[in-house]
Amino acid sequence: MVKHHLFWPVAVLAALLLFNFIYSPDFFSIIVRNGNLYGSLIDILNFGSPLIIVALGMTLVIALGGIDLSVGSVVAIAGAISCLLISKGTDQSAWSLVLMAIGVSIAVAIVLGLWNGVLVSIFGMQPIIATLILMVAGRGVAQLIADGQIITVSSKTYNYLGAGSLAMLPFSIFIVAAMFILVSLLTRRTALGLYIESIGCKPTASRLAGIRSRTVMLAVYMFCGLCAGIAGLILSSNVSSADGNNAGLWYELDAILAVVIGGTSLNGGRFSVTGTLIGALIIQTLTTTIYMTGVPPEITLVVKAFVVLVVCLVQSESFRKAIVARWKTRHYPAEREVKQHV
Amino acid sequence: MFNRKFIPIVVTLGLFILMFAVGSFRYTGFFSLQVFNNLLIDNAFLLIVAVGMTFVIVSGGIDLSVGSVIALTTMVSASLLEQGWPPYAVIPVVLLMGAGFGWGMGAIIYYFKIQPFIVTLAGMFLARGLCYVISINTIIIDDAFYTKVAQTKISLPGGNFISISVIIAIVVVAAGFYIAHYTRFGRNTYALGGSEQSALLMGLPVKSTKIKVYMFSGLCSSLAGVVFTFYMLSGYGLHAMGLELDAIAAVVIGGTLLTGGVGYIVGTFFGVMIQGVIQTIISFEGTLSSWWTKIVIGVLLFVFIILQKLLSERKWTLRS
């Protein structure tokens, strides 16, 4: 069971939840208020939804042996565009206007993903630098779109996306569920998952085996852009405003972290969509736990750093070997050692 | 001189001269030695960080923690000074702290085979978080030594001046140049970045080189933090936000390959200077907003990476 790739992520998540349960037993209680469900678990899913969606796209990119640093900037750009378009309209709650704004910003997000994909697959750049370009420039573009201001909108229709509720649950949970099912089906019920793993292992070999690596790469980077765009929409609609400077800040790092904690190797070629979901939930649960236990929010980062380190160390093969070796030598009987030498 | 491997540096240098020339023709008062000196004064800490970052990137790694180590250095310096420590004790302590921080990250990267990206990311969170543990507010420094260093202007002939920080930065750049090209450690770093396995098979000290590279970067970051403290005269957890990206961008614009094994300290120097010129031009223009800096740096990164790509591809076709 220890060998199963989901063992460590699930164990960490369970440990976190157990800690919460011991610390405050009403952590798991869910109450009905105004016809909606409320509770810490619902909050974790709701506030974690943008991160989960970004991390899903990131999983596929990392499985290809790539990385996408630009997701945070794409989140900011998507939010800025949709808020700008809606704020320009006369009736901000009109369905046609909101749908148009969502459509345009999703399209832009996909185009930005395509840009990354073209740089990586056609120009053959290293993914980390290719996406660094958009990461640096994208923040500037988002501020340019918003003219350095925070755009606020008062659209009930748009607000529904990130803050509305459906069947007693926050609407964003349904978006997450839809994306998760989509990615799982695409990668595990079609050959796409196999192609992605194969390209992640060895692009040249996969090309020789007849896989169109360029097309797959382009599609995956576009999908990652799409995910970032959706996350940007959820984030900006949740607070009904777009901040080009701070929206989605450090999202790329949190998303990469979620993917790595979930057991996907940064070297590519092996990935777990469920693991990513658990990884993102670990990060969100950790944040919630820190707030709940009354630890000053300033040291959230310190706790996060230690958790990241511990999770990575636990997953590191050489660390486990070193621990086991030390444990073994310590219990080595002294007489046997002497006998062997004689 | 016209060796192919120097082309990226020549392009970087040419671009710097071109941008400076464009600025000089467009704006009155731009073409003066003092504007150039101001570039050095305002970017002294970035220069120091970028030198350390060049070593890490040449060795095939990356260090995302530099910005937060600077913030931590300003914070620790400010709080120690507040408690009445003398400056000559504070500075060695923070330098040791930075080097120790880098050593720790390097050791984790080497012994446990975790990607540098993740380890230094955790280091970035840790250092930034430790700042807030010390205090969430700005701590003002009113120590006599620090204010004196901050305000000292070293006059140059012609009525120009530089600050003490500039001298530190130039010494670091010179030392970096010497270490990279004239010492064993430098050669080992290049070999490690070229191919870790080959370096190991050749019997080079991969372990100590790898750890030392991160230690050097940590030392540079904390030294940059000291210089930054002179510059800001305060300690604050939000200082130097996102500086790691500026440093990486400067290193890449300076012609260092992110894959490792190829790179020049001189290139990094001009990479930093180009970023400084962009900011100066934007401030001279007046009507342009600060976010244009990011967009221009993004475009420059793109151009340089494409250029490197073209150069390295031509090298391949010649060889084969």
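Residues numbered from 1 in each chain as written. Chains lettered and ligands numbered in written order. Predicted model: local features only at pLDDT ≥ 70, side-chain atom pairs only at ≥ 80, totals over all residues. Heavy atoms only, no water.

Remarks on the overall build of chain A
Phase 1 of the analysis: Broken down by element type, chain A carries 15 helices and 6 strands.
Phase 2 of the analysis: For chain A, whose C-alpha radius of gyration is 22 Å, the value lies close to the compact-globule estimate of 20 Å for 342 residues.
Phase 3 of the analysis: Principal-axis analysis of the C-alpha atoms places the extent of chain A at approximately 95 × 55 × 35 Å.
Phase 4 of the analysis: Within chain A, the proportion of its 342 residues that are buried is 52%.
Phase 5 of the analysis: Of the contacts formed within chain A by residues at least 6 apart in sequence, a portion of 76% connects residues at least 24 apart.
Phase 6 of the analysis: For chain A, the exposed surface amounts to about 15,700 Å²; the carbon and sulfur share of it is 67%.
Phase 7 of the analysis: When the 20 positive and 13 negative side-chain charges of chain A are each reduced to one mean point, those points stand 13 Å apart. (Helix = DSSP H or I, 4+ residues; strand = E, 2+ residues; numbered from the N terminus. Rg over C-alpha atoms; globule rule 2.2 N^0.38 Å. Buried < 20%, exposed > 50% of the residue type's maximum accessible area, 1.4 Å probe, protein only. Contact = heavy atoms within 4.5 Å. Areas by Shrake-Rupley, 256 points an atom, 1.4 Å probe, with all protein chains shown as cover. Lys, Arg positive; Asp, Glu negative; His and termini not counted. Charge placed at Lys NZ, Arg CZ, Asp CG, Glu CD.)

Quick look at the overall build of chain B
Phase 1 of the analysis: In terms of regular secondary structure, chain B is built from 13 helices and 4 strands.
Phase 2 of the analysis: Since a compact globule built from 320 residues should have a radius of gyration of about 20 Å, the 20 Å found for chain B is in line with a globular shape.
Phase 3 of the analysis: Taken along the three principal axes of its C-alpha coordinates, chain B extends 65 × 55 × 35 Å.
Phase 4 of the analysis: Residues counted as buried form 57% of the 320 residues belonging to chain B.
Phase 5 of the analysis: Partitioning the contacts of chain B with sequence separation of at least 6, the portion at a separation of at least 24 is 77%.
Phase 6 of the analysis: Accessible surface, chain B as shown: approximately 13,800 Å² in total, 68% of it carbon and sulfur.

Looking at the packing of aromatic side chains
Residues and elements named next belong to chain B.
Phase 1 of the analysis: In this structure the tally under the stated criterion is 17 aromatic pairs over all chains.
Phase 2 of the analysis: On the basis of an interplanar angle of 40° and a centroid distance of 5.7 Å, the ring pair of Y27 and F284 is categorised as tilted. With a gap of 257 residues between them, Y27 in the loop between α1 (7-26) and α2 (33-58) and F284 in helix α12 (residues 265-285) connect regions that are remote in the sequence.
Phase 3 of the analysis: By relative accessible area, Y27 is classed as buried at 12%.
Phase 4 of the analysis: According to the relative accessible area criterion, F284 is partly exposed, its value standing at 34%.
Phase 5 of the analysis: Among the aromatic residues, those joined into a cluster by ring pairs are F16, F20, F36, F269 and F270.
Phase 6 of the analysis: Just above the ring of Y110 sits the side chain of K113; from NZ or CZ to the centre is 4.5 Å. (Phe/Tyr/Trp six-rings, centres within 6.5 Å; stacked < 30°, edge-to-face > 60°. Lys NZ or Arg CZ within 6 Å of the ring centre and 35° of its normal.)

Focus on unusual backbone geometry
Residues and elements named next belong to chain B.
Phase 1 of the analysis: Of note, the phi angle at K113 is positive, near 55°, even though the residue is not glycine.
Phase 2 of the analysis: Even without glycine at this site, L233 takes up a positive phi of about 55°.
Phase 3 of the analysis: Given a relative accessible area of 18%, L233 falls into the buried group.

Points about the interface of chain B and chain A
Phase 1 of the analysis: With 38 residues of chain B in contact, the opposing surface of chain A contributes 45 residues.
Phase 2 of the analysis: When the two sides are added together, the surface that chain B and chain A hide from each other amounts to roughly 3,600 Å², 85% of it contributed by carbon and sulfur.
Phase 3 of the analysis: Our enumeration of links across chain B and chain A arrives at 0 residue pairs in polar contact (both at pLDDT 80 or more).
Phase 4 of the analysis: Sorting the residues of the side of chain B that touches chain A by element identifies α4 (87-112), α5 (116-134), α11 (243-253) and α13 (291-319) of chain B as the ones contributing at least two each.
Phase 5 of the analysis: Ranked by the residues each element gives to the side of chain B that touches chain A, the list is headed by α5(B), at 12 residues.
Phase 6 of the analysis: Residues of the side of chain B that touches chain A, tallied by class, amount to 29 nonpolar, 4 polar and 5 charged. (Buried area = accessible area lost by both parts, 1.4 Å probe. Polar contact = N/O pair within 3.5 Å; in protein donor to acceptor, adjacent residues only side chain to side chain. Nonpolar A, V, L, I, M, F, W, Y, C, P; charged D, E, K, R; others polar.)

Brief notes about the layout of surface pockets
Phase 1 of the analysis: By volume, the largest pocket is sized at about 1,700 Å³.
Phase 2 of the analysis: Taken together, 47 residues line the largest pocket, and the ones lying closest to its centre are S265(A), L266(A), N267(A), K113(B) and Q115(B).
Phase 3 of the analysis: Counting residues per element, the ones that place at least two in the lining of the largest pocket are α1 (7-23), α5 (127-145), α13 (300-315) and α14 (317-330) of chain A together with α4, α5, α8 (184-194) and α10 (206-232) of chain B.
Phase 4 of the analysis: Considering every element that reaches the lining of the largest pocket, the biggest residue donor is α14(A), with 4 residues.
Phase 5 of the analysis: Along the lines of polarity and charge, the residues of the lining of the largest pocket split into 20 nonpolar, 19 polar and 8 charged.
Phase 6 of the analysis: When we break the lining of the largest pocket down by domain, the ones giving at least three residues each are domain 1 (49-285) and domain 2 (301-342) of chain A. (1 Å grid on protein atoms, 1.4 Å probe; cavity = no way out; pocket = protein on both sides within 12 Å on 5 of 7 lines; lining within 4 Å. Points joined across faces, edges and corners; volume = space filled by probe spheres on them. Domains from an automatic or database assignment.)

Description of the pairing of strand β3 (residues 160-163) of chain B
Regular strands place their side chains on alternate faces of the sheet.
All names here are of chain B.
Phase 1 of the analysis: The pairing of strand β2 (residues 153-156) with β3 spans 4 bridges and is classified as antiparallel. Following the sheet pairing, S155 is matched in β3 by F161.
Phase 2 of the analysis: Taking the residues between adjacent antiparallel strands as the criterion, β2 and β3 are bridged by 3 residues, where G158 takes a positive phi near 100°. (Pairing = 2+ DSSP bridges.)

Comments concerning the domain arrangement of chain A
Residues and elements named next belong to chain A.
Phase 1 of the analysis: Here chain A is partitioned into domain 1 (49-285) and domain 2 (301-342).
Phase 2 of the analysis: Its C-alpha centre places domain 1 at a distance of 39 Å from the equivalent point of domain 2.
Phase 3 of the analysis: Counting from both sides, the interface comprises 6 residues of domain 1 and, opposite them, 5 residues of domain 2.
Phase 4 of the analysis: Regarding the contact of domain 1 and domain 2, the summed buried area is about 450 Å², with carbon and sulfur atoms giving 72% of it.
Phase 5 of the analysis: Looking only at domain 1, the three residues that lose the most surface to domain 2 are L257, V260 and I261, adding up to 70% of its buried area.

Description of the pattern of salt bridges
Phase 1 of the analysis: One pass over the full model with this rule turns up 2 salt bridges over all chains.
Phase 2 of the analysis: When the shortest N-O distance is used, the salt bridge between R188(A) and E197(A) registers 3.8 Å.
Phase 3 of the analysis: The exposure class assigned to R188(A) is partly exposed, which follows from its relative accessible area of 43%.
Phase 4 of the analysis: As a salt-bridge pair, E196(B) and K210(B) come within 3.1 Å of each other at their nearest N and O atoms. (Salt bridge = Lys/Arg side-chain N within 4 Å of Asp/Glu carboxyl O.)

A few points about empty space enclosed by the protein
Phase 1 of the analysis: Following the criterion strictly, the structure yields 3 cavities of 30 Å³ or more and no others.
Phase 2 of the analysis: Taken as a whole, the largest cavity spans an internal volume of roughly 150 Å³.
Phase 3 of the analysis: Around the largest cavity sit 15 residues that line it, and L69(A), M135(A), L64(B), L245(B) and I248(B) are the ones nearest its centre.
Phase 4 of the analysis: Taken together, the residues of the lining of the largest cavity break down into 13 nonpolar, no polar and 2 charged.
Phase 5 of the analysis: For the second largest cavity, the calculated volume is near 40 Å³.
Phase 6 of the analysis: Every residue lining the second largest cavity is listed: T54(B), F55(B), V58(B), A180(B), G186(B), T189(B), Y190(B) and I265(B).

Side note on the state of the cysteines
Phase 1 of the analysis: Within this structure, the stated rule accounts for 0 disulfides over all chains.
Phase 2 of the analysis: Of all cysteine sulfurs, the one in C224(A) lies closest to C227(A), which takes part in no disulfide; the gap is 6.3 Å.
Phase 3 of the analysis: Given a relative accessible area of 0%, C227(A) falls into the buried group.
Phase 4 of the analysis: Free of any disulfide, C220(B) has its nearest neighbouring cysteine sulfur in C131(B), separated by 19 Å. (Disulfide = S-S within 2.5 Å.)

Focus on the side chain of S236(A)
All names here are of chain A.
Phase 1 of the analysis: Assignment of secondary structure puts S236 in helix α10 (residues 213-239).
Phase 2 of the analysis: For S236, a relative accessible area of 4% gives the class buried.
Phase 3 of the analysis: Residues in contact with S236, not counting those within four places in the same chain, are G79, S82, C83, Y158 and S241.

Some remarks on a nonpolar patch on the surface
Residues and elements named next belong to chain A.
Phase 1 of the analysis: Where nonpolar side chains cluster on the molecular surface, the patch consists of L18, F21, I22 and F28 and spans about 410 Å² of accessible area.
Phase 2 of the analysis: Note on placement: I22 falls in helix α1.
Phase 3 of the analysis: Looking at I22, the relative accessible area reads 62%, which means it is exposed. (Patch = residues over 30% accessible without salt bridge, like charges linked within 9 Å, V, L, I, M, F, W, Y side chains within 5 Å.)

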